[in-house]
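# Working through the structure, step by step
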Amino acid sequence: MNQYTAQDFKKGQPRWCPGCGDHFFLANLQKAMAELGVPPYETAVISGIGCSSRLPYYANTYAMQTIHGRAAAISTGAKVTNPNLTIWQVSGDGDALAIGGNHFIHAMRRNIDLNMILLNNRIYGLTKGQYSPTSPRGFVSKSSPFGTTEDPFRPAELCFGARGNFFARSVASDNNETIAILKAAYQHKGAAVCEILQNCVIFNDGCHNSVYTSQGRKENAIYVKHGEPLIFGPNQEFGLVQEGFGLKVVKIGENGITRDDILVHDAHCQDNTLQLKLAMMSNEDGFPVALGVIRDVEAPTYDAAVNQQIEEVKAQKHYHTFMEMLETNDIWEVKE
């Protein structure tokens, strides 16, 4: 494996607002790239439009900022035509889930081998503070001065509904966990969605405050790891058990509850029922926010299947170039 440092993947001077979560994420992405050891010339960062979509300018790799909402479409074409290219697709919640929503869900349905990053600050930052597809009902913004009258998309629900096989979540300021899920997304073959919770310090500061600090995550989040019990809390005193068709928070040591009663996380389970319940938990409903790799299931990828099909068809043909194809079929000679 090639030896790289984060510096090898740095380029330019990032121009985001001081304190923006994009700074955290960029640094963590560059560290993850270095640890993975994939050369910059075998890597591409592709984005749409938005604050987060400026990121390709700061990555010393192949890079492209496309048009609004089309990051997944361009990434799909790049991956199918060059299967050996590692692609990091970077979008904001507006770019990916509004104008780009159709491309987003079909990239997952097709299971194209892309690392799909969703930077979620629940606001349109670049256009100065309009509500986005992930803004909560009643959210007051420049485009909803009396509060929104619609329910938001929840990225995990959309991913699972589109038959996604990989979903992970971290907080932009949580460096180690962000690097860990990015590396897991790379190792997964197929569409890997990583939701990154981040604040917009200008237009939606504090939107993820409950988990934005280390202490907040100890109190309000749960780190899920495949094969390990779903335990959380400042002293690891709480756990999750199944109750009926739902989940329930219990305290270990009370009412006869022991660690053996706690659910064990299975990220590889084909049935996504419990994984989705984990991904949908919220502090507002009395649950911790799930962080880490929530779903990671193997499935055939679109890009590999297409390229295999091309090779199979080529092997059946008598021609291998355009001129050979022309000369194989009927030919007319035109003379004066």
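Calculation rules
- Residues numbered from 1 in each chain as written.
- Predicted model: local features only at pLDDT ≥ 70, side-chain atom pairs only at ≥ 80, totals over all residues.
- Heavy atoms only, no water.
- Axes fitted to C-alpha atoms, helices over the stretch in contact; angles between N-to-C directions.
- Helix = DSSP H or I, 4+ residues; strand = E, 2+ residues; numbered from the N terminus.
- Parallel < 35°, antiparallel > 145°, perpendicular 65-115°, else oblique.
- Left-handed = near helix turned anticlockwise from the far one by under 90°.
- Contact = heavy atoms within 4.5 Å.
- Pairing = 2+ DSSP bridges.
- Salt bridge = Lys/Arg side-chain N within 4 Å of Asp/Glu carboxyl O.
- Buried < 20%, exposed > 50% of the residue type's maximum accessible area, 1.4 Å probe, protein only.
- Lys, Arg positive; Asp, Glu negative; His and termini not counted.
- UniProt positions renumbered as here; feature names shortened; annotations may be inferred.
- Disulfide = S-S within 2.5 Å.
- Phe/Tyr/Trp six-rings, centres within 6.5 Å; stacked < 30°, edge-to-face > 60°.
- Lys NZ or Arg CZ within 6 Å of the ring centre and 35° of its normal.

## Brief notes about the packing of helix α1 (residues 21-36) against helix α6 (residues 175-187)
Running from N to C, α1 and α6 point in directions that differ by 50 degrees, and their axes come no closer than 9 Å. Taken together, the axis directions place α1 and α6 in an arrangement best described as oblique. By crossing handedness, the relation of α1 to α6 is classed as right-handed. Contacts between α1 and α6 involve F24, F25, N28, L29, K31, A32, E35 and L36 on the former and, on the latter, N175, T178, I179, L182, K183, Y186 and Q187.

## What to know about the sheet that holds strand β7 (residues 221-224)
Backbone hydrogen bonds are what pair the strands of a sheet, in a parallel or an antiparallel way. With respect to topology, 8 strands assemble into an open sheet ordered β2-β1-β3-β4-β6-β5-β11-β7, the strand pairing being mixed. Of all the strands in the sheet, just β2 (62-65) and β7 have a single pairing partner and so form its edges. Direction aside, the axes of adjacent strands within the sheet are offset by 20 degrees on average. By the bridge criterion, 5 bridges tie strand β3 (residues 86-92) to strand β4 (residues 115-120) in an arrangement that is parallel. Bridged to V90 within β4 is I117.

## A closer look at the pattern of salt bridges
A complete count under the given rule lists 9 salt bridges for this structure. The partner of E157 in a salt bridge is R154, with the nearest N and O atoms 3.7 Å apart. The exposure class of R154 is partly exposed, given its relative accessible area of 41%. Residue K314 is joined to E311 by a salt bridge in which the shortest nitrogen-to-oxygen separation is 3.5 Å.

## Focus on the side chain of D303
Along the chain, D303 turns up in helix α10 (residues 302-316). One buried charge, D303, has no salt-bridge partner; the nearest side chain with opposite charge is K79, at 4.9 Å.

## Observations regarding unusual backbone geometry
Unusually for a residue other than glycine, N111 sits at a positive phi of about 60 degrees. Phi at K128 takes a positive value of approximately 80 degrees, unusual for a residue other than glycine. For K128, the position within the fold is in the loop between β4 and α5 (155-161).

## As for the UniProt feature "domain: Thiamine pyrophosphate enzyme TPP-binding" (unreviewed entry) in the protein chain
Per the UniProt record, the feature "domain: Thiamine pyrophosphate enzyme TPP-binding" (unreviewed entry) sits at residues 49-196. A helix fraction of 32% and a strand fraction of 19% characterise residues 49-196, whose end C-alpha atoms lie 17 Å from each other.

## With respect to the state of the cysteines
If you walk through the whole model with that rule in mind, you get 0 disulfides. C17 provides the cysteine sulfur closest to C20, a residue in no disulfide bond, and the two sulfurs are 6.4 Å apart. Residue C200 stays outside any disulfide, its sulfur separated by 6.4 Å from that of C51, the closest cysteine. Residue classification places C200 among the buried positions, given a relative accessible area of 10%.

## Concerning the packing of aromatic side chains
Summed over the entire model, instances satisfying the criterion amount to 4 aromatic pairs. R110 extends its terminal NZ or CZ atom over the ring of Y302, reaching a point 5.9 Å from the ring centre. The ring of Y186 carries K189 above its face, with NZ or CZ at 5.2 Å from the centroid.

## Overview of the environment of A73
With respect to the helices, strands and loops of the structure, A73 is situated in helix α2 (residues 71-81). A sequence separation of 33 residues divides A73 from H106, and the C-alpha atoms of the two residues are 9.3 Å apart.

## Quick word on the sheet that holds strand β8 (residues 231-232)
Here 3 strands make up an open sheet; going across it, the order is β8-β9-β10 and the pairing antiparallel. Both edges of this open sheet fall to β8 and β10 (246-251), since each of them pairs with a single strand only. Sheet analysis places strand β9 (residues 238-243) next to β10, joined by 6 bridges and oriented antiparallel. Looking at β10, one finds that E243 is bridged to G246.

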